[in-house]
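Each chain, letter by letter, is given below.
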Amino acid sequence: MFNVAIDGPGGAGKSSVAKAAASLMGLSYVDSGALYRSIGYVLSKTGVDLNAPSAIEEKLQDMELELFYQDHAQHVLVNGEDVTAYIRTQEAGNGASKIAVLESVRNKVNEVIRKTASSLDVIMDGRDIGTVVLPDASLKLFITASSEVRALRRLTELEAAGKPHGDLETIKREIEERDYRDSHREIAPLKMAEDGVLLDTTDMKLYEVVYQVCRLIDEAREKRT
Ligand code: CDP
């Protein structure tokens, strides 16, 4: 398959870029973070403490995780329930980052997303896609921006979606806490793949990033032929 991996910290705009590039370049977009968010959401809804590994591991044993597409949009099913509408909140993102430190959680997610990437040409975003999940991807991108700009982008996203959110300073603090946890965990920490391409989008508009990414995808496709 032709696969594109995008990694980078929260709020950098990875998912907006990946969605646009997917539709322009004929790829399926896989949002790996949505699976971590979904697991965290369901666990906390059922009263599990997201800081308690043994309670999480017990619940995971009989948890069914699935991914499907409807009108080109990714949906996540946990134990048969579509939780997609509930996971794009700041709270779900923070919860996802807490449980993503556990190997059992990562294995559960990786099984689902690797299966998808083996049957579709995907553009997949996350924290460890180029380094761990798809080390043979045809193109590996690392998309980042300053934490100020990322907090502002996240605030705009939450406002536009009518989701609850704190003020800019709170969002920036949460983003920095998440960056720290994601980059310092023992398993699959956030980092750029050795053969990755760095895109610092701090001073870039979304369309400029999408343009660059599509150009890089074209080049990677040409190299393969
Ligand atoms: O959209 P945003 O970048 O804020 O977050 P996300 O991609 O939805 O991911 C939420 C959390 O899941 C991250 O902070 C990571 O802790 C975790 N995650 C991960 O560990 N590995 C991935 N491949 C994707 C997400």
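Given the structure is predicted, the values throughout are model-derived calculations rather than measurements. (Residues numbered from 1 in each chain as written. Predicted model: local features only at pLDDT ≥ 70, side-chain atom pairs only at ≥ 80, totals over all residues. Heavy atoms only, no water.)

## Examining the packing of helix H2 (residues 32–45) against helix H5 (residues 103–119)
Right, on to step 1. Across the interface, H2 lies against H5 with an axial gap of 10 Å and an inter-helix angle of 135°. One element, H2, and the other, H5, form an angle in the oblique class. The crossing of H2 and H5 is right-handed. The segment H2 lies against H5, with Ser32, Leu35, Tyr36 and Ile39 engaging Val105, Arg106, Val109, Asn110, Val112 and Ile113.
Right, on to step 2. Taken together, the residues of the contact of H2 with H5 sort by class into 7 nonpolar, 2 polar and 1 charged. (Axes fitted to C-alpha atoms, helices over the stretch in contact; angles between N-to-C directions. Helix = DSSP H or I, 4+ residues; strand = E, 2+ residues; numbered from the N terminus. Parallel < 35°, antiparallel > 145°, perpendicular 65-115°, else oblique. Left-handed = near helix turned anticlockwise from the far one by under 90°. Contact = heavy atoms within 4.5 Å. Nonpolar A, V, L, I, M, F, W, Y, C, P; charged D, E, K, R; others polar.)

## Re the sheet that holds strand E7 (residues 139–144)
Right, on to step 1. Judged by pairing direction, the sheet is parallel, and its 5 strands sit side by side in the order E2-E6-E1-E7-E8 without closing on themselves. Whereas interior strands pair on both sides, the edge strands pair on one side only; in this sheet they are strand E2 (28–31) and strand E8 (197–200). The mean angle between the axes of side-by-side strands here comes to 20°, regardless of whether they run parallel or antiparallel.
Right, on to step 2. Summarising the sheet, E7 and E8 pair through 4 bridges and their orientation is parallel. In the strand pairing of E8, phenylalanine 142 is matched with leucine 198. (Pairing = 2+ DSSP bridges.)

## What about helix H1 (residues 14–25)?
Right, on to step 1. Taking 1.5 Å of rise per residue, the 12 residues of H1 would be expected to cover 16 Å, and the 16 Å separating its terminal C-alpha atoms lies within 8% of that figure.
Right, on to step 2. Those residues of H1 that fall on the buried side of the exposure criterion are Lys14, Ser15, Val17, Ala18, Ala21, Ala22 and Met25. All buried residues of H1 lie within an arc of 155° about the axis, which places them on one face of the element. For H1, the exposed residues set more than 90 degrees away from the buried face come down to Ser23 and Leu24.
Right, on to step 3. The secondary structure elements touched by the buried residues of H1 are strand E1 (4–7), E2, strand E6 (122–126), E7 and helix H9 (206–224).
Right, on to step 4. Following H1 by one or two positions, glycine 26 adopts a phi angle in the positive range, close to 70°. (Expected span 1.5 Å × (residues − 1). Buried < 20%, exposed > 50% of the residue type's maximum accessible area, 1.4 Å probe, protein only. Arc of directions from axis to C-beta.)

## Quick look at the pattern of salt bridges
Right, on to step 1. Applying the stated rule across the entire model yields 12 salt bridges.
Right, on to step 2. For glutamate 81, the salt bridge is made with lysine 45, and the minimal N-O distance between the two is 3.5 Å. Taken as a pair, glutamate 81 in strand E5 (residues 81–82) and lysine 45 in helix H2 lie far apart in primary sequence, 36 residues in all.
Right, on to step 3. Assessed through its relative accessible area of 48%, lysine 45 is described here as partly exposed.
Right, on to step 4. A salt bridge links aspartate 128 to arginine 106, with the shortest nitrogen-to-oxygen separation between them at 2.9 Å. Within this pair, whereas aspartate 128 is found in the loop between E6 and helix H6 (129–133), its partner arginine 106 is found in helix H5, the two being separated by 22 residues in sequence.
Right, on to step 5. Among the residues examined, aspartate 128 registers a relative accessible area of 2% and is labelled buried. (Salt bridge = Lys/Arg side-chain N within 4 Å of Asp/Glu carboxyl O.)

## Remarks on the domain arrangement of the chain
Right, on to step 1. Each assigned domain of the chain is listed with its residue range as follows: domain 1 (1–27 + 121–225) and domain 2 (33–119).
Right, on to step 2. For domain 1 and domain 2, the distance between their C-alpha centres works out to 19 Å.
Right, on to step 3. Across the boundary between the two partners, domain 1 contributes 22 residues, which contact 22 residues of domain 2.
Right, on to step 4. Summed over both partners, the interface of domain 1 with domain 2 buries about 1900 Å², with 49% contributed by carbon and sulfur atoms. (Domains from an automatic or database assignment. Buried area = accessible area lost by both parts, 1.4 Å probe.)

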